[in-house]
Amino acid sequence: MTGAVRLEPVDEGNLEPLLSVAAAEAEPGEVMPPVEAPAGWSLARRDAFREFYRASFGGLDGPTRTRMYAIVAGGEVVGMVRMTRCDEPGAVETGMWLGRSARGQGLGAAALRELLNAAAAAGMHTVVAETTPKNLGAISVLKECGAELRDNGGKVRAKMCLDSVLPAR
């Protein structure tokens, strides 16, 4: 399955499969902002997940300035990658999550490459990301996709310029 992914804009058709993989294979804090709700994947947290993801349905020009994509591998939704407009024209910030069973298979790098292509197609010239020094999986994906990494006070900041050739698949 390594590298064989496609991105589908998150919509009502794939929102429930995305929630299913999140609830089965991720912690709430990995896939959505914190909410006041009972611990774990309570009904209130599932509703908040749906509301959070539906807010991005307007895409880069919508109220959240965000386009979220379901990551699909082997015909199954395995995670999400997004891009959000930055204040700087032509720049977007990205983030992603994968269900536990999809991690370590090269799917994150493949999804990020697809996101970089989508960002370029949307007229963007820069994609940035931020993670922690302990998130070795994210750092590896960013390096594999040609990101310039720098330590910024306990955070790792990544920058990928789309004006150059994207790394080979």
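Residues numbered from 1 in each chain as written. Predicted model: local features only at pLDDT ≥ 70, side-chain atom pairs only at ≥ 80, totals over all residues. Heavy atoms only, no water.

(A) Here's a closer look at the overall build of the protein chain. When its secondary structure is counted, the protein chain shows five helices and seven strands. When the helices and strands of the protein chain are listed from N to C terminus, the series reads β-α-α-α-β-β-β-α-β-α-β-β. For the protein chain, whose C-alpha radius of gyration is 15 Å, the value lies close to the compact-globule estimate of 15 Å for 169 residues. The principal-axis extent of the C-alpha atoms belonging to the protein chain is close to 45 × 35 × 35 Å. (Helix = DSSP H or I, 4+ residues; strand = E, 2+ residues; numbered from the N terminus. Rg over C-alpha atoms; globule rule 2.2 N^0.38 Å.)

(B) Region of the structure containing the environment of Val 35. Inspection of the secondary structure assignment puts Val 35 in the loop between helix H2 (28-31) and helix H3 (43-54). Val 35 sits 65 residues away from Arg 100 along the chain, and the two C-alpha atoms are 22 Å apart. Not counting the four nearest positions on each side in its chain, Val 35 is found in contact with Arg 45 and Ala 48. (Contact = heavy atoms within 4.5 Å.)

(C) Just unusual backbone geometry, in detail. Even without a glycine there, the phi angle at Arg 65 is positive, about 55°. The topology assignment puts Arg 65 in the loop between H3 and strand E2 (66-73). Residue class for Arg 65 comes out partly exposed when judged on its relative accessible area of 32%. (Buried < 20%, exposed > 50% of the residue type's maximum accessible area, 1.4 Å probe, protein only.)

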